[in-house]
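Fold and geometry: a report
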Amino acid sequence: MDKNFQEEFMQITKFEPPLYKQRYQFVKDLVEKYKPKKVADLGCADCSLLWMLKFCSCIEVLAGLDICASIMKEKMHTLSPLPVDYLQPSERSLTVTLHHGSVAHKDPCMLGFDLVTCIELIEHLEESELKKFPEVVFGFMAPRIVAISTPNSEFNTLLPGVKLYRHPDHKFEWSQAQFQSWALETARCYDYSVEFTGVGHPPAGMEKIGFCTQIGVFVRKYPQTGESIQSEKPTEAVYKTVFKAVYPSLKDEKYLQNAVIREVIFTAQIIKHRLMSKREEYSNDPERKSKSQPSMDHFSDYLEKLVVEKNMEPFVSGNEVYIPLATIFSFPKVNRLCGTFEKLCKLIDGKVTLSSDGSAVMFNIEHENEEN
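**Focus: the pairing of strand E10 (residues 320-324)**
Here E10 lies mainly inside the structure; four of its five residues are buried. Across three bridges, the pairing between strand E9 (residues 315-317) and E10 is antiparallel. Its bridge partner being in E10, phenylalanine 315 is matched across the sheet by tyrosine 322. Hairpin geometry of E9 and E10 is characterised by an intervening segment of two residues between the two adjacent antiparallel strands and by a positive phi of about 65 degrees at glycine 318. Where E10 and strand E11 (residues 360-364) come together, five bridges link them in antiparallel fashion. In the strand pairing of E11, glutamate 320 is matched with asparagine 364.

**A word on helix H6 (residues 127-141)**
For H6, built from 15 residues, the straight-helix expectation of 21 Å at 1.5 Å per residue is met to within 8% by its first-to-last C-alpha distance of 20 Å. Of all the bends found along H6, the most pronounced is centred on phenylalanine 133 and spans about 30 degrees, while proline 134, a proline, follows it within four residues. Alanine 142 sits one or two positions beyond H6 and adopts a positive phi of about 45 degrees.

**A few points about the pattern of salt bridges**
Counted according to the given criterion, the structure contains nine salt bridges. Two residues, lysine 251 and glutamate 60, come together in a salt bridge whose shortest N-O distance is 3.3 Å. Separated by 191 residues along the polypeptide, lysine 251 in the loop between strand E8 (240-246) and helix H9 (253-284) and glutamate 60 in the loop between helix H3 (48-53) and strand E2 (61-66) bring together distant segments of the chain. Owing to a relative accessible area of 55%, lysine 251 belongs among the exposed residues under this scheme. The class of glutamate 60 is partly exposed, set by a relative accessible area of 22%. In this structure, the salt-bridge partner of glutamate 263 is lysine 333, at a minimum N-O distance of 3.7 Å. Separated by 70 residues along the polypeptide, glutamate 263 in helix H9 and lysine 333 in helix H12 (residues 332-338) bring together distant segments of the chain. A residue is classified by how much of its surface remains accessible, and lysine 333, at 43% relative accessible area, is partly exposed.

**A short note on helix H2 (residues 19-34)**
When the terminal C-alpha atoms of H2 are compared, their 23 Å separation across 16 residues agrees well with the 22 Å that a helix rising 1.5 Å per residue should span. When we look at burial in H2, the residues that qualify are Leu19, Tyr20, Gln22, Arg23, Tyr24, Phe26, Val27, Leu30 and Val31. Once H2 finishes, lysine 35 follows within two positions and takes phi at roughly 55 degrees, a positive value.

**Notes on the packing of aromatic side chains**
As enumerated under the stated definition, the model contains 15 aromatic pairs in all. Judged by centre distance (4.9 Å) and plane angle (15 degrees), the rings of phenylalanine 315 and tyrosine 322 are stacked. Tyrosine 322 sits in the buried class, given a relative accessible area of 13%. Taken together, the aromatic side chains of Phe133, Phe172, Trp174, Phe179, Trp182 and Phe196 make up a single cluster linked through ring pairs.

**Concerning the sheet that holds strand E1 (residues 38-42)**
Within the open sheet, the eight strands sit side by side as E6-E7-E5-E4-E1-E2-E3-E8. Their pairing is mixed. Each edge of the sheet is formed by a strand with only one pairing partner; in this case those strands are strand E6 (192-199) and E8. Taken pair by pair, the neighbouring strands of this sheet meet at an average axis angle of 15 degrees, ignoring direction. Of the pairings in the sheet, the one linking strand E5 (residues 145-151) to strand E7 (residues 213-220) comprises seven bridges and is antiparallel in character. Paired with valine 146 across the strands is phenylalanine 218, a residue of E7. Packing of helix H7 (residues 176-189) onto the sheet brings it into contact with E5, E6 and E7, and relative to E6 it is tilted by some 155 degrees.

About the criteria used
Residues numbered from 1 in each chain as written. Predicted model: local features only at pLDDT ≥ 70, side-chain atom pairs only at ≥ 80, totals over all residues. Heavy atoms only, no water. Buried < 20%, exposed > 50% of the residue type's maximum accessible area, 1.4 Å probe, protein only. Helix = DSSP H or I, 4+ residues; strand = E, 2+ residues; numbered from the N terminus. Pairing = 2+ DSSP bridges. Expected span 1.5 Å × (residues − 1). Bend = angle between axes of the 7 residues up to and from the residue. Salt bridge = Lys/Arg side-chain N within 4 Å of Asp/Glu carboxyl O. Phe/Tyr/Trp six-rings, centres within 6.5 Å; stacked < 30°, edge-to-face > 60°. Axes fitted to C-alpha atoms, helices over the stretch in contact; angles between N-to-C directions. Contact = heavy atoms within 4.5 Å.

Right, here's the structure in full:
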């Protein structure tokens, strides 16, 4: 839990990167491997791991649980969306929630997760809590994957300053044999497989001591059925939600509409600018109308290709410029955002000035001419 306290001892062994960062990187690598959409971190403390995981593009739901609400509240602001998240909404949805409660209690808010992490947690549990822990995590929550890390007591002899345990709040620290015995029995009871690894390598020649932090990765053997979930579901919640953030997402039509409107206007403005620039060039030099003018602009090249191939040419009529929606829709970003031409029309309806038949974005250039 308290990574700063532990790292005071780890500095002597010169772990690089620091041991807590190696643990977090291990979880991140696990996420990259299994691509979970819903991840819960039990014993999340200062939310550092959750903050790192919110940048993993596969994750859509993040939840943290800790027995100490004050530690979570100190850093939970780091999990809030930033202004840039509203200016440039992501294509994925992301909800981050923090709960105050004990891992010894069941709460329906913790059902349905793909990955549950317990990083340096179990050694902080009282004996009565440790007995309930497997049933809560493996029996009730029953995620597809569980990652549990805990100190390897055999490594403590290499950590000057450690007399009994590495942290004053630790209730126990297990040897490799003790942890593996507990993990194998837990896996057997709840139909999981388990593999052992760790972070923080021992010095050369002392490999038998094992990793400084030992890790068990549990994978559920069989899919969980809806009936088993429902039968175990408690009637009421026991955790208290202390934080919730819903990130702006293009899956939300409100944010999608805003993004499409911005992109349509931006694209139409560029097309209009190119059109008016060429019109001005030709009006100042009539001879250029009969000459072939190679384009030096990638955007202009793309536009001209569209005009030739699809007959979607923008045009000027009096003080009004018309940019066909079909031309705008053909640009990759607009096309990707909308998916279909019909959805484009729906999203900008009433939000962008269109021609009378609704087929083109219309700009009035009368005021622009007056200013020029």
